[in-house]
Amino acid sequence: MSSFVQEVKNKFDAAKENEQLFSFDSTTVEKESNGMNFKITLVPALAQKKSNQKVEEDGKKCNPFENPEPALVVKELDEHRILLNKYAVIPNHLIIATKEFKKQSEPLMPNDLYESFKVLKDFGSSQPALAFYNCGEESGASQGHKHMQVLPLQHESNPQPPVKKLFDEIHDRHVGQIYAINKLPFVHVILPLDNNIIRNANTREELTDYLVQMFFGILDAMFQQLRENAQPLNTSYNFLMTQDFMMLVPRSNEKASIEHNGKTFEFSVNSLGFAGLLLCKTEEELEVLKAQDNLMDILTQVGIPWDPKASDIEAARELAADAELA
Ligand code: AMP
């Protein structure tokens, strides 16, 4: 276990013991859709939990990241604080919040990327983790103060997010190139990171420069896809990052709604949904999710379905480029 994991664990255990942090019981089932083994986690305690947004006496919403509870602070960095998630579905779930107030709709800045990746690295190879950022109104974020999150992945044999399997199937994959995965029916971009460059980056600046170059490359590609799919460019999006890849998914809605046996169910989806990790609060909701023909439909509802005309645009552009070359 890395010293960082030990430090996080000690802090988590102490905060839980003193009831300054709540760790919820959960059960997980798997359901395959389009080749992805979704994990659906049922957390009954979340149905009892009030909204994250507490309200102060004067009616203003509390900001839990402005003056965080000391029991939850793992580390003070230059511009950020690493905090424990107070309501943990998965133990040692970390939040990397900016010290100064910034909006959750702002794009990631070089230091945000560096600190998030540093936490992934500090977790070490024995504890793979997923970093994510829910950016904008429809992204599934519950707090408006800028925060990235890092979730340690649990599974004895394969501690990877379910989407990694589809990423691994990308044929003839090259680091630094931007791809879309055929089996994902919504607009997205995914990019393999170069582990050699990451390993050989000897300074903070070198690693930051590489991450920034990759992030702004993939962000640019996402805007290009939004243009091709006739979508506004100020769209919310989800960002996912492991030590192996970066992924961006633009959003159309915060919640998916499903009709089942004459009732309407709403599911809030954030970055984790696109990693293949879905959450529900009641047995009934779990049954609804299990009964779906294809869980990708939920992701397409909150994402942006591919515009069939977009491939015509792509083909037309290729033809135009060919004509220029001829
Ligand atoms: P999101 O909902 O994606 O914006 O993530 C915010 C996270 O902050 C949620 O997972 C909450 O459980 C967590 N949270 C809410 N209040 C606190 C708090 N006081 N301290 C630490 N984490 C919190």
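S.K.: So what exactly am I meant to see when it comes to the pattern of salt bridges here?
M.R.: Opposite charge on two side chains lets them pair, provided their charged atoms get close. All told, the structure shown has 13 salt bridges when counted by the stated rule. With its nearest N and O atoms 3.5 Å apart, the salt bridge here joins K99 to E76. Taken together, the residues K99 in the loop between β7 (94–98) and α3 (110–123) and E76 in strand β4 (residues 73–76) connect sequence positions 23 residues apart. Taking the relative accessible area as the measure of exposure, K99 reaches 30% and is therefore partly exposed. Its relative accessible area of 49% is what places E76 among the partly exposed residues. Several salt bridges converge on common partners, so that one network encompasses E76, R81 and K99.

S.K.: Help me out: how do you make sense of the side chain of H147 in this one?
M.R.: Counting through the fold element by element, H147 comes out in strand β9 (residues 147–152). Classification of H147 by relative accessible area gives buried; the value is 4%. Looking at H147, its side chain comes within polar contact range of the main-chain oxygen of H145, at 2.6 Å. Excluding residues that lie within four positions of it along the chain, H147 makes contacts with F65, I95, I96, A97, Q104 and Y133.

S.K.: I'm lost on the environment of D122 in this one. Help?
M.R.: By secondary structure assignment, the location of D122 is in helix α3. In contact with D122, not counting residues within four places along its chain, are S2, F4 and V5.

S.K.: Help me out: how do you make sense of the packing of aromatic side chains in this one?
M.R.: How two aromatic rings sit relative to each other is given by the distance of their centres and the angle of their planes. Using the criterion set out here, one finds six aromatic pairs in the structure. Taking the centre distance of 5.5 Å and the plane angle of 80 degrees together, the rings of F4 and F123 count as edge-to-face. Taken as a pair, F4 in helix α1 (residues 3–17) and F123 in helix α3 lie far apart in primary sequence, 119 residues in all. With respect to burial, F4 and F123 carry one shared label: buried. Aromatic pair F215 and F216: ring centres 5.2 Å apart, planes at 80 degrees, arrangement edge-to-face. Judged by relative accessible area, which is 0%, F215 ranks as buried. Following the ring pairs from residue to residue traces out a cluster consisting of F215, F216 and F239. Here R173 stacks its cationic end above the ring of F167, 4.2 Å away from the centre of that ring.

S.K.: Just checking my understanding: could you explain the site of the ligand for this structure?
M.R.: Close to the ligand lie 16 residues, the nearest being N85, N134, S142, H147 and Q149. With respect to the ligand, the backbone of Q143 contributes an N or O atom lying 3.2 Å from an oxygen atom. A distance of 2.8 Å separates an oxygen atom of the ligand from a polar side-chain atom of Q149. When isolated, the ligand has an accessible area of 500 Å², and the protein chains bury 90% of it.

S.K.: Just checking my understanding: could you explain the sheet that holds strand β11 (residues 237–241) for this structure?
M.R.: The strands making up a sheet associate through hydrogen bonds between their backbones, and the pairing can be parallel or antiparallel. Spatial strand order, β4-β5-β7-β9-β8-β11-β12-β10: eight strands in an open sheet with antiparallel pairing. With one partner strand each, in any of the chains shown, β4 and β10 (189–192) form the two edges of the open sheet. Along the sheet, successive strands turn relative to each other by an average axial angle of 15 degrees, direction set aside. In the sheet, β4 pairs with strand β5 (residues 80–84) via three bridges, with the strands oriented antiparallel. By the bridge assignment for β5, V73 is matched with L83.

S.K.: How should helix α8 (residues 283–291) be read in this particular structure?
M.R.: Spacing of three or four residues puts side chains on the same side of an α-helix, whose turn is 3.6 residues. For α8, every residue scored as buried is listed here: E285, L286, V288 and L289. Taken end-on, α8 shows its buried residues confined to a sector of 160 degrees, consistent with a single buried face. On its buried side, α8 packs onto β2 (27–33), β3 (36–42), β13 (255–260), β14 (263–268), β15 (277–280) and α9 (296–302).

S.K.: Would you take a moment to explain the pairing of β5 for this structure?
M.R.: By the criterion of burial, β5 is predominantly enclosed, with five of the five residues buried. Burial of β5 is two-sided: the residues H80, I82 and L84 facing one way and the residues R81 and L83 facing the other way are all buried. Joining the antiparallel neighbours β4 and β5 is a turn of three residues. In terms of strand pairing, β5 meets β7 through five bridges, oriented antiparallel. Each bridged residue has a counterpart across the sheet, and for L84 the counterpart in β7 is L94.

Conventions adopted
- Going along each chain's sequence as written, the residues are numbered from 1 onward.
- The predicted origin of the model limits local features to residues at a pLDDT of at least 70 and limits the giving and counting of side-chain atom pairs to 80 or more, whereas totals for whole chains, interfaces and linings rest on all residues.
- Each side-chain value is derived from all of the structure's non-hydrogen atoms; neither hydrogens nor water enter the calculation.
- Take a side-chain nitrogen of Lys or Arg and a carboxyl oxygen of Asp or Glu: if they are within 4 Å of each other, that pair is a salt bridge.
- Here a helix means four or more residues in a row that DSSP labels H or I, a strand means two or more in a row labelled E, and each is numbered from the N terminus.
- Relative accessibility decides the category of a residue: with a 1.4 Å probe and only protein chains considered, values under 20% of the type maximum give buried, values over 50% give exposed, and everything between is partly exposed.
- Whenever two N or O atoms come within 3.5 Å, that pair is a polar contact, provided that in protein one can donate a hydrogen and the other can accept it, and provided that, for residues adjacent in sequence, both atoms are side-chain atoms.
- Throughout, a residue-residue contact means that at least one pair of heavy atoms, one from each residue, lies within 4.5 Å.
- Two rings from Phe, Tyr or Trp (for Trp, the six-membered ring) form a pair when their centres are within 6.5 Å of each other. A pair whose planes differ by under 30 degrees is stacked, one over 60 is edge-to-face, and the rest are tilted.
- Throughout this description, the term charge over a ring refers to an Arg CZ or Lys NZ atom that lies within 6 Å of the ring centre and within 35 degrees of the ring normal.
- Only a single heavy atom is needed: when it lies within 4 Å of a molecule or strand, its residue is near that molecule or strand.
- For every accessible area listed, the method is Shrake-Rupley and the probe measures 1.4 Å; residues are considered covered only by the protein chains on display.
- Strand pairing is assigned whenever DSSP detects at least two bridges linking the two strands.
- Whenever a helix is involved, its axis is fitted only over the stretch in contact; in every case the axis is a line through C-alpha atoms, and angles between N-to-C directions fall within 0 to 180 degrees.
- By construction, the arc corresponds to the directions joining the helix axis to the C-beta atoms.

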